[in-house]
Amino acid sequence: MNFPRTLGELRRSPFSEEQLRARRVKDELRENLIAKLGDEAPIFPGIVGYDDTVVPQIVNAILSRHNFILLGLRGQAKSRILRALTSLLDPHAPYIAGCEIHDNPYAPICRRCRDLIAQCGEATAIAYLTPEERYVEKLATPDVTIADLIGDIDPIKAARGGHELASEFTVHYGLLPRANRSIFAVNELPDLAGKIQVGLFNIMQEGDVQIKGYPVRLPLDVALVFTANPEDYTARGKIITPLKDRIGSEIRTHYPATVEEGIAITTQEAWASRNGNKLVIPKYVREVIERIAFAAREDKKIDKRSGISQRLPISCMENVISNAERRTIRNQEKVVVPRVGDIYAAMPAITGKLELEYEGEMRGADSVARELIRSAIAKTFDEYFSGVNMQQVVQWFDLGGEVRMTDNAPTGKVFDELKNIQGLLDKLAALSIKNKDPQELQVSGAEFVLEGLYAHKRIGRSEERVFTAGEKQPRRPEKPFEREEPLPPRSRRPYN
């Protein structure tokens, strides 16, 4: 498409004055959302687990033309949702070329553009914005000033142009005016100082800003969206009440409700497409990694106010793949198959994302992480082997059998040792692993079985990853039968 390059051409194009003059950003978002609601495609592609909870509330807020805030713990895709709002903007938005605040060609608000149209008329140059250019994001920090957000008077501009300080030509625009006709997002709103939050009042209610006390009114066209943590667990600040009152919709996000949703997010986000050997990630490994996060969110030794980010299983998965990749390269094997033991090697991706309570601090992050992994293995093991008789495998260890499974051991060597455990490889049918499958996959499945038995304390395992017989619980000695001696006869109370 040959886009109009002057104001005169623009008037005779689909970007007519009738269509664009009074159409604000919130109207544009609403119209494009209505068109998208009729399709079967997801409104926000890549956002998993929010279809029945968060997304309908966001849709309602946009249809209501509200400014809104997303409240949620870390790692709940708040920023990703805000950036996905650009999919509801027009593919191209015309503005007066050279304008710092991207003025509407039919309704300019800055002095420079009004004078330019008065001088050039229909020959005024037109440029275009893409949806990505119409999204302005600011991470709130305590050092943000009103000048950063709104703007300030630039004395150098005044001196060079010979203007008075009160002139609009001396204004250096801040982020908010530069987001005119765009979406303006503020991440972690409570971090913004209270006096700076006050600076957002006018733009949200009256639709204008004032700069440096001079009567420079800018009726900006902005859709404001925010993110914040629902609980101020770092005691860094809060959203002031008048600003909260002006936010149209308050929408709460959440962590994945099911393990399947968590696996879908981790599969989507984790870097797994390595440029090396073929990679096969067993389903039970994915489930164990995901259940670590679920177990951590319920553990009393971990601070629930800070949350367990979805980045934990994502980072853990990447480390697990890397550890398996390292083993494959060192042993010159062909297939990369992560094992449950690789999850213990990925503990650096877990411990750094845990905010511990006092009890957890006393035990240490490594100890807490090992408990979480063991709990996740036990729950996943029960999903596959509930009701399966493992007595034959346990008995092999009870009779003195031992097997060592280190991270770096070649698959062939480990497989030869595992074949000696009676009945072990036969149990892999529950994991959909057959005898014809690669040895790497069979070894991974067999290790999962052994780790599951260890997690349920049916066999033992040393720190050097040597599986042995479990500790037998001593039986309580039966109390010998003792004949009760007859009670002494009760003395009768004499009559008066």
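Residues numbered from 1 in each chain as written. Predicted model: local features only at pLDDT ≥ 70, side-chain atom pairs only at ≥ 80, totals over all residues. Heavy atoms only, no water.

### Observations regarding the layout of surface pockets
Going by this rule: The way it works is a 1 Å grid over only the protein atoms, where trapped points that fit a 1.4 Å probe form a cavity and open points with protein on both sides within 12 Å along at least five of seven lines form a pocket, and then any residue with an atom within 4 Å of a point lines it. Grid points are joined across faces, edges and corners, and a volume is the space filled by probe spheres set on the points. Numbering goes from the N terminus for both helices and strands, where a helix is a DSSP run of H or I of at least four residues and a strand is a run of E of at least two. Following the grouping adopted for this structure description, the nonpolar residues are Ala, Val, Leu, Ile, Met, Phe, Trp, Tyr, Cys and Pro, the charged ones are Asp, Glu, Lys and Arg, and the polar ones are all others, Gly among them.
Considered as a void within the structure, the largest pocket measures approximately 550 Å³ in volume. Elements represented by at least two residues in the lining of the largest pocket include exactly α5 (78-84), α13 (259-269) and α15 (311-330). Surrounding the second largest pocket, 24 residues form its lining, L20, R23, N104, R181 and D221 being those nearest its centre. Class assignment of the residues belonging to the lining of the second largest pocket gives a composition of 11 nonpolar, four polar and nine charged.

### Let's talk about the sheet that holds strand β16 (residues 466-469)
What counts is decided by this rule: When DSSP finds two or more bridges between two strands, those strands count as paired. Here, two residues are considered to be in contact whenever any of their heavy atoms come within 4.5 Å of each other. The axes used here are C-alpha line fits, helices contributing only the stretch in contact, and every angle between their N-to-C directions lies in the interval 0 to 180 degrees.
Strand order across the open sheet formed by three strands is β14-β16-β15, with antiparallel pairing between neighbours. A single partner strand is all that each edge strand has here, and the edge strands are β14 (403-404) and β15 (459-461). In the packing of helix α20 (residues 391-398) onto the sheet, contacts are made with β14, β15 and β16, and the angle to β16 comes to roughly 90 degrees.

### Side note on the sheet that holds strand β10 (residues 222-228)
Here five strands make up an open sheet; going across it, the order is β4-β7-β10-β1-β11 and the pairing parallel. Each edge of the sheet is formed by a strand with only one pairing partner; in this case those strands are β4 (135-139) and β11 (249-252). Between one strand axis and the next, the sheet turns through 20 degrees on average, direction left out of account. Contacts from helix α4 (residues 54-63) reach β1 (68-71) and β11, with the element oriented near 165 degrees to β11.

### Concerning the pattern of salt bridges
Using the following cut-off: Note on definitions: salt bridges are taken to be side-chain nitrogens of Lys or Arg within 4 Å of carboxyl oxygens of Asp or Glu. Exposure categories follow from relative accessible area, calculated using a 1.4 Å probe and restricted to protein chains: below 20% of the type maximum is buried, above 50% is exposed, and the middle band is partly exposed.
Applying the stated criterion across every chain, the model contains 25 salt bridges. With its nearest N and O atoms 2.5 Å apart, the salt bridge here joins D90 to R23. Residue D90 is located in the loop between α5 and β2 (93-96), and its partner R23 is located in the loop between α2 (17-20) and α3 (25-37); the two are separated by 67 residues in the primary sequence. The two residues D90 and R23 agree in class, both being buried. Measuring nitrogen to oxygen at the nearest pair gives 3.3 Å for the salt bridge that ties D303 to R305. Taking relative accessible area as the criterion, D303 reaches 10% and is therefore assigned buried. R305 gets classed as partly exposed once you look at its relative accessible area, which sits at 41%. What emerges from the salt-bridge pattern is a single network uniting R11, E17, R21 and E122.

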